[in-house]
Amino acid sequence: MALPAADQSHYIISPGDVLDVSVFGAPDLSQKAVVNSGGNIYMPLINYVHVADLHVEDAQLVVEKAYFTNGVLKFPHVTIVISSYASGVVLMGEVVRPGIYPIVGTGKLFDILAEAGGTAASAGQVVTITHKGVAEPQIVTLTSDPIKSNSANVPVQQGDTIVVSKAGVVYIVGEVYSPSGFLMDEKGQYTVMKVVAMAHGTTKFAKTSKARIVRRTSDGNKEIPVPLDKILVSKAPDIPLQSNDILFVPTNKGKQAAARGAEAAISIATSLAIVATYR
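All figures in this text were calculated on a predicted structure; none of them were measured in a lab.

*Asks:* Tell me about the sheet that holds strand 6 (residues 89-93), and name the residues and values.
*Replies:* Either a parallel or an antiparallel arrangement is found when strands of a sheet pair, and the pairing is made through backbone hydrogen bonds. Pairing within the open sheet is mixed, and its five strands lie in the order 7-6-12-9-10. If you trace the sheet from one side to the other, it starts and ends with strand 7 (99-101) and strand 10 (138-141), each paired once. Across the sheet, the mean angle separating the axes of adjacent strands is 25° when strand polarity is ignored. Where strand 9 (residues 123-130) meets strand 10, four bridges bridge the pair, whose relative direction is antiparallel. Counterpart to Ile-129 in the pairing with strand 10 is Gln-138.

Encoded structure:
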């Protein structure tokens, strides 16, 4: 994102920025200068000038003073325009275009997200903002609620780092029609019943009384029994799921064996009927 030259006077110059330095009436002194790691730019006849951590308008005065005090120009007039930014708001995580977005003074979070093309489909609700010079990060929760959304549009400024989290995922495997992983969004708590419904229900071979949640913890995987048979008929409360939970619906081997036996009997009967037809 480029800023109009008129808006750059309050931008704070950082190492890595590329400056177009124009010296009025002295085209041989005008040049494109890169701010080095020490915060300096090289200018003809006056050597290095320190400009980092200065607003653009202050840097112009510093260069003018250097030309005057070194006796190079009696009435120097210097204009600086930022042609490439190395600093600004650093935007990372689940956004369409992560990167560095220059900002003058104080802006708003949503403006920066809009410049980046918005959040990605995989984005979660949590945004972490580390403000320059502040140890404790600010946590913001994104929401589609217009009333709550206003409070999430917090101020950000140059030097801040913004990280958009990745949405959590819950998984369902085993005897369901559509085993899958589902991105958790803000539309409500993900529960066992909700995920089963999203997987289009259990198959006829499901052993719903032995379903379980596999949850990853700091001590390893933990298995949590789920009375899915009772939950499905509202005889037990639904169970909330956490990010990265795996809901496993096992196979009822007795039902499966019986079904295979029935299929085999039907197959034999069909074969006998075909044979009888040709006798």
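There is more to say after this.
*Asks:* Explain the side chain of Asp-17 to me, using residue names and the numbers behind them.
*Replies:* Tracing the backbone shows Asp-17 in the segment before strand 1 (18-23). A residue is classified by how much of its surface remains accessible, and Asp-17, at 0% relative accessible area, is buried. Polar contacts involving the side chain of Asp-17 include one to the side chain of Tyr-11, which spans 3.2 Å. What Asp-17 contacts, discounting residues up to four positions off in sequence, is Tyr-11, Ile-12, Ala-33, Val-34, Val-35, Ser-84, Tyr-85, Ala-86 and Ser-87.

*Asks:* Tell me what's going on with the nonpolar core, and back it up with residues and numbers.
*Replies:* With 24 residues, the main nonpolar core has Leu-19, Ile-41 and Val-51 as its most contacted residues. Those elements that provide at least two residues to this core are strand 1, strand 3 (40-43), helix 1 (56-69) and strand 5 (78-84). When residues in this core are grouped by element, the largest group, five residues, is from helix 1. Once you skip the residues sitting within four places of it in the chain, Leu-19 turns out to touch Ile-13, Gln-31, Lys-32, Ala-33, Val-35, Ile-41, Val-51, Ile-80, Val-81, Ile-82 and Ser-83.

*Asks:* How would you sum up the packing of aromatic side chains? Please name residues and give values.
*Replies:* If you walk through the whole model with that rule in mind, you get two aromatic pairs. Where Tyr-11 meets Tyr-85, the ring centres are 4.9 Å apart and the plane angle is 85°; that geometry is what we call edge-to-face. Here Tyr-85 lies in the loop between strand 5 and strand 6 and Tyr-11 lies in the segment before strand 1, a separation of 74 residues in the sequence. The same class applies to Tyr-11 as to Tyr-85, namely buried. An angle of 70° between the planes, with centres 5.3 Å apart, marks the rings of Tyr-42 and Tyr-48 as edge-to-face. On the basis of relative accessible area, Tyr-42 is assigned to the partly exposed category, the value being 42%. The lysine or arginine in question, Lys-194, covers the ring of Tyr-190, its NZ or CZ lying 4.1 Å from the ring centre.

*Asks:* Break down the pattern of salt bridges for me, with residues and values.
*Replies:* This structure, assessed with the given rule, holds three salt bridges. The salt bridge partner of Lys-32 is Asp-20, with a shortest N-O separation of 2.8 Å. Highlighted residues: Lys-32 in strand 2 (residues 31-34) and Asp-20 in strand 1, separated in sequence by twelve residues. A relative accessible area of 51% places Lys-32 in the exposed class. With a relative accessible area of 27%, Asp-20 lands in the partly exposed category.

*Asks:* I'd like a rundown of the environment of Asp-245, residues and numbers included.
*Replies:* Looking at where Asp-245 falls in the secondary structure, it is placed in the loop between helix 5 (228-231) and strand 17 (246-249). On a C-alpha basis, the gap between Asp-245 and Asn-221 in space is 9.9 Å, while along the polypeptide they are 24 residues apart. With sequence-adjacent residues up to four places away left out, Asp-245 is seen in contact with Val-169, Val-170, Tyr-171, Ile-213, Val-214 and Arg-215. A polar atom in the side chain of Asp-245 sits 2.7 Å from the backbone nitrogen of Gln-242.

Rules and cut-offs
Residues numbered from 1 in each chain as written. Predicted model: local features only at pLDDT ≥ 70, side-chain atom pairs only at ≥ 80, totals over all residues. Heavy atoms only, no water. Pairing = 2+ DSSP bridges. Helix = DSSP H or I, 4+ residues; strand = E, 2+ residues; numbered from the N terminus. Axes fitted to C-alpha atoms, helices over the stretch in contact; angles between N-to-C directions. Buried < 20%, exposed > 50% of the residue type's maximum accessible area, 1.4 Å probe, protein only. Polar contact = N/O pair within 3.5 Å; in protein donor to acceptor, adjacent residues only side chain to side chain. Contact = heavy atoms within 4.5 Å. Core = buried A, V, L, I, M, F, W, Y, C linked by side-chain atoms within 4.5 Å. Phe/Tyr/Trp six-rings, centres within 6.5 Å; stacked < 30°, edge-to-face > 60°. Lys NZ or Arg CZ within 6 Å of the ring centre and 35° of its normal. Salt bridge = Lys/Arg side-chain N within 4 Å of Asp/Glu carboxyl O.

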